[in-house]
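Structural description and commentary
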Amino acid sequence: MMQSLGQQALVSMISHLIFIIITWRVLQGINLDPLIKKGRVFEGTLLLIFITVAIGTTVSRFFLDFLQWSQQLIFLF
């Protein structure tokens, strides 16, 4: 039981990190410079990091939920 919880935690952590990295790479392709005021580069980068974490973890949570639901489908029949 405890080993299963540990494995699930590890899969969740890896999934979150992978989707955060993917989101970061995607957002790097978008030109956000016109939206950032001159002299506010640090704040713009920090905002980009927060947006990356928010989107990446949301997508990861959806992926993990979908995986869990697909495993629970066997209890339907």
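Residues numbered from 1 in each chain as written. Predicted model: local features only at pLDDT ≥ 70, side-chain atom pairs only at ≥ 80, totals over all residues. Heavy atoms only, no water.

Observations regarding helix H1 (residues 2–28)
Heads up, the rule is: Comment: elements are numbered from the N terminus, with helices defined as DSSP H or I runs of at least four residues and strands as E runs of at least two. By definition here, a helix of n residues has an expected span of 1.5 Å times n minus one. For every residue, the accessible area obtained with a 1.4 Å probe (protein chains only) is divided by the maximum for its type, and the residue is called buried under 20%, exposed over 50%, and partly exposed between those limits. Contacts: residue pairs with any heavy atoms within 4.5 Å of one another.
Relative to the 39 Å expected for 27 residues at 1.5 Å per residue, H1 spans 39 Å between its end C-alpha atoms, a close match to the ideal helical length. Those residues of H1 not exposed but buried are Ser12, Ser15, His16, Phe19, Thr23 and Leu27. On its buried face, H1 sits against helix H2 (41–72).

A closer look at the packing of aromatic side chains
Using the following cut-off: Pairing of aromatic rings covers Phe, Tyr and Trp, the last through its six-membered ring, and needs centres within 6.5 Å; plane angles under 30 degrees mean stacked, over 60 mean edge-to-face, and all others mean tilted.
Enumeration according to the criterion identifies two aromatic pairs in this entry. With a centroid separation of 5.6 Å and an interplanar angle of 50°, the aromatic rings of Phe19 and Phe63 are classed as tilted. Here the residue Phe19 occupies a position in helix H1, and Phe63 occupies one in helix H2, the gap between them amounting to 44 residues. Their ring planes at 35° and their centres at 5.9 Å tell us that Phe62 and Phe66 sit as a pair that is tilted. With Phe62 and Phe66 both in helix H2 and four residues apart, this pair spans about one turn of that helix. With respect to class, Phe62 is no different from Phe66; both count as exposed.

Observations concerning the layout of surface pockets
Note the cut-off: Buried and open spaces are told apart on a 1 Å grid over the protein atoms alone, a cavity being a set of points where a 1.4 Å probe fits but cannot get out and a pocket being an open set with protein on both sides within 12 Å along at least five of seven lines. Residues with an atom within 4 Å of a point are the lining residues. Grid points are joined across faces, edges and corners, and a volume is the space filled by probe spheres set on the points.
Approximately 300 Å³ is the volume attributed to the largest pocket. In terms of lining residues, the largest pocket is bounded by 14 residues, among which Leu32, Asp33, Ile36, Gly44 and Leu48 are the most central. Of all elements in the fold, only H1 and H2 reach the threshold of two or more residues within the lining of the largest pocket. When residues of the lining of the largest pocket are assigned to their parent elements, the largest contribution, six residues, is made by H2. Its boundaries defined by the atoms lining it, the second largest pocket holds a volume of some 230 Å³.

A word on the packing of H1 against H2
This is how the line gets drawn: Here an angle of 0 to 180 degrees is reported between the N-to-C directions of two axes, which are lines fitted to C-alpha atoms, with helices fitted over the stretch in contact. Put simply, angles under 35 degrees are roughly parallel, angles over 145 are roughly antiparallel, angles from 65 to 115 are roughly perpendicular, and the rest are oblique. For a crossing to be left-handed, the near helix must be turned anticlockwise from the far one by less than a right angle; the clockwise case is right-handed. In this classification, the charged set is Asp, Glu, Lys and Arg, the nonpolar set is Ala, Val, Leu, Ile, Met, Phe, Trp, Tyr, Cys and Pro, and all remaining amino acids, among them Gly, are polar.
The interhelical angle for the contact between H1 and H2, taken along N-to-C directions, is 130°, at an axis separation of 7 Å. One element, H1, and the other, H2, form an angle in the oblique class. In this structure, H1 meets H2 at a crossing whose hand is right-handed. Each residue belonging to the contact of H1 with H2 can be placed in one class, and the counts come to 13 nonpolar, nine polar and one charged.

Comments concerning a nonpolar patch on the surface
For the record, the criterion: Like charges within 9 Å and nonpolar side chains (Val, Leu, Ile, Met, Phe, Trp, Tyr) within 5 Å are joined into patches, using only residues over 30% in relative accessible area that form no salt bridge. Areas reported here follow the Shrake-Rupley algorithm with a probe of radius 1.4 Å; residue values treat only the protein chains shown as occluding. The salt bridge criterion pairs a side-chain nitrogen of Lys or Arg with a carboxyl oxygen of Asp or Glu, the two atoms within 4 Å.
Taken together, Trp24, Phe42, Leu46, Ile49, Phe50 and Val53 make up a surface patch of nonpolar side chains, about 560 Å² in accessible area. Here the nonpolar patch gets five residues from one element, more than from any other, and that element is H2. Along the chain, the position of Phe50 falls in helix H2. You can call Phe50 exposed: its relative accessible area is 54%.

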